[in-house]
Amino acid sequence: MSTSDATDGIKNDIDVMTDFPNNNKKGNIVEIKGLSKVYGDAVKVHALRSVDLTVARGEFMAIVGPSGSGKSTLLHMIGILDTPSEGTILIDGQDVGRMSDAQRSATRNKMLGFVFQYHHLLPDFSALENVMMPLLIAGKNKKEAASVASEILKDVELADRMEHRPNQLSGGQCQRVAVARALANNPALVIGDELTGNLDTRSSKLIYDLLRKLNKKYNQTFIIVTHDDKLAEKTDRIVRIVDGQITG
Amino acid sequence: MYEHKIAFRSVIAKKRNTFFAVLAVALAVGIIILFMGMISGFAAEMIDATVESSPHITVDPEDDDDEYIHLYDHFNAIIRQTEGVLFASPVLVQPTAMEHRDNTAGIVLEGIDPRSEIDTMRVDRHLLKGNFTALERSYRGVVLGSILAEDLDVGIGEKVDLVKPNGETASLEVIAIISTGTPKDETLAYARLDLVQDFYDRRGQVSHFKVRVADIHQADKIAADIQRDTGLEAISWMEANKDLLDLINTQQVVAWIFYLMIFIVAGFGIANTLYTMVIDRKKEIGMLMAMGASRKSISIIFLIESALLGIAGVLLGFLIAFIGAYFFSLYEIDLPADVYYGVSTIPIDMQTRFFVYSGGFSLLINMIAASIPAKQAAQMDPVEAIEEE
């Protein structure tokens, strides 16, 4: 697919999402240098040891490795959910370590989208309201948020499930709502932690295809942690972590 | 304003939690308003009963060694002319014995000027049988307390004898029976002042004056004026009932401590509900943080939830208080008359300020109690919150 095809696709598919400030820039979206994370006071556990990693804008990347290798820790660092013991992380050129708590929250809201193994949808809100939530947190008004959210839900093929609550949706449908929510603020970087881990093969493939399509359409960057080798092989790049170090 | 939206939705969705938290606050607020109403009602009734059953001011002899005031007409005129005094009633009190057929009773005989006593003490309102004012025209008339009349087994128109220690007697006719609702009914007898003075050889003498004033709250000041002008000892109802007033004030302090404790218990109820909600919604909180909700916003969500529960509880509490007050007012109770001077139903004095105090205080304690779980939610580690299985 050429760049012009992709641009046409955006215009045809989603009229509302015309503004992509996060995705037009050049350069790396993530730059990590000498990142280490140590847990515990008495007994020290080195979750990450001096990791260097660069992720280009628009890349679809998988992080793989055995349990306890530190891959989720790395993902949480990139997601500004956790803080490094040593080293620096630049997200879109900004040093995460120098941010205040409020700046970290704002960056998560505007730059990042999260999908976890469990959907973590708000149980008392409909699919539409769940997708609206990041937009409302960003300060958008209700009407605007509803308009954007319903477009994204159409994109993840849930146009007829918008008013359903999470307990009225299947696991796969919930996870698609979670994906739609992660994309709501049109983040430059989407992070997935075992996001298909709880799904059957068919739903898993559906989610992957969806992410891949969005990745190509909007040039959004995707970093997913997975146990699933088949899924990993479909990505642009595989980063393997063993004992807190990148091995390939 | 998504914080409000989440708080509202959560309070509505978690029906059981909401129900018990609201009920805890409502019961606390309702019970406290009813308590305030009852305590205030009892205090008001007791003061009222006390003020009405005893003189506003009593004027006693100056000298403790002399039980009697001599040349009382002179003092009577001065007292009546004192500013703020409505009426004064000179009284000669004589403990004595009374007989009717084979029945004998120890009594406290009060020699009175009937018109002055009626004006000053409104004794006629206690009239049970007969005619109190007839005493004005009847030198040998006597008015008895209801229990005394029963003890002597005597009725209107029958004769009783006053008996002096030396055996001398005076025969009187019962012209009225009164019931004050106090223990005085067992011993009280009123006769004309001139008769009592004549029979006990105390012409020109009285034991004390009873005084009625226009404004009972000025009684202290008026008593001081009387004391200055007459040289006699004047005691206001406040001074005479200092113990009762002190008791009422002490009761208020104890009551407030009690209110505070009830509110703290209800506050802990709210704190506990919110704490459970924080634990139950750990992942939700983590996800909100991942979506970019600030720690302040998380804290605000829980504080709003607490405020919603608190306000709902306070309003329901007001309703409980209204309904409770209505049912209490229907219910007649038996209280020992010698303790609660004639109070026979639960007196509830509902005042707007009780609602304001109770509601405001409850909300304040709720917010203090809620700040702990709210802070806990805000300080949660998002990774830990999301990953917890």
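Basis of the calculations
Within any chain, residue numbers begin from 1 and follow the written order of that chain's sequence. Labels follow written order: the first chain is A, the first ligand is 1, and so on. Given that this is a predicted model, residues contribute local features only at a pLDDT of at least 70 and side-chain atom pairs are listed and counted only at 80 or more, while totals for whole chains, interfaces and linings are drawn from all residues. Derived side-chain values reflect all non-hydrogen atoms in the structure, with water molecules and hydrogen atoms excluded from consideration. The helix count covers DSSP runs of H or I at least four residues long, the strand count covers runs of E at least two residues long, and both are numbered beginning at the N terminus. Only protein chains enter the area calculation, which uses a 1.4 Å probe; residues under 20% of their type maximum are buried, those over 50% are exposed, and those in between are partly exposed. Whether two residues are in contact is decided by their heavy atoms, any of which lying within 4.5 Å being enough. The predictor attaches a confidence to each residue, and that confidence, scored 0 to 100, is pLDDT. If DSSP finds at least two bridges between two strands, the strands pair. Simply put, an axis is a line fit to the C-alpha atoms, just over the touching stretch for a helix, and the angle between two N-to-C directions goes from 0 to 180 degrees. Nine residue types can take part in a nonpolar core, namely buried Ala, Val, Leu, Ile, Met, Phe, Trp, Tyr and Cys, and a core is a set of them joined through side-chain atoms within 4.5 Å.

Of regular secondary structure, chain A possesses eight helices and 10 strands. Each of the 248 residues in chain A was classed as buried or not, and the buried ones make up 56%. Here the contacts in chain A between residues at least 6 apart in sequence split such that 74% fall between residues at least 24 apart.

Our next topic: the confidence of the model for chain A. All names here are of chain A. Predicted confidence across chain A gives a mean pLDDT of 85, with 90% of residues reaching 70 or more. Element-level pLDDT for chain A is lowest in helix H1 (residues 3-13), with a mean of 39, against a maximum mean of 95 in helix H4 (residues 127-137). In this model residues 1-22 is a low-confidence stretch, pLDDT under 50, and it forms 29 contacts with partners more than four residues away in sequence or in other chains.

Here we take up the sheet that holds strand S4 (residues 86-91) of chain A. Residues and elements named next belong to chain A. Taken in spatial order, the four strands of this open sheet run S2-S1-S4-S5, and their pairing is antiparallel. In this open sheet, the two strands that pair with only one neighbour each are strand S2 (45-56) and strand S5 (94-95). The strands touched by helix H2 (residues 71-78) are strand S1 (28-39), S2 and S4; relative to S1, the strand with the most contacts, the crossing angle is about 125°.

The next point concerns the nonpolar core. Soluble globular proteins: nonpolar side chains tend toward being buried together. Ranked by size, the top nonpolar core spans 118 residues in total, and within it Leu74, Met133 and Leu153 of chain A together with Leu288 of chain B carry the most contacts. Contacts of Met133 of chain A, omitting those with residues within four sequence positions, involve Leu122 and Phe125 of chain A together with Tyr2, Ile6, Leu288 and Met291 of chain B. Among the nonpolar cores identified, the runner-up in size contains 46 residues, and Val51, Ile57, Leu92 and Phe199 of chain B belong to it.

Residues and elements named next belong to chain A. One open sheet holds the six strands; their spatial order is S6-S7-S8-S3-S9-S10, and the pairing between them is mixed. Looking at the sheet topology across the chains shown, the edges are occupied by strand S6 (112-115) and strand S10 (245-246). Here strand S9 (residues 237-242) pairs with S10 via two bridges, running antiparallel. Bridge pairing in S10 links Ile241 to Ile246. Along the sheet, helix H3 (residues 101-111) makes contact with S6 and strand S7 (189-193), crossing S6 at roughly 75°. Across the sheet, helix H7 (residues 201-218) touches strand S3 (60-64) and strand S8 (221-225), and the angle it forms with S3 is around 135°.

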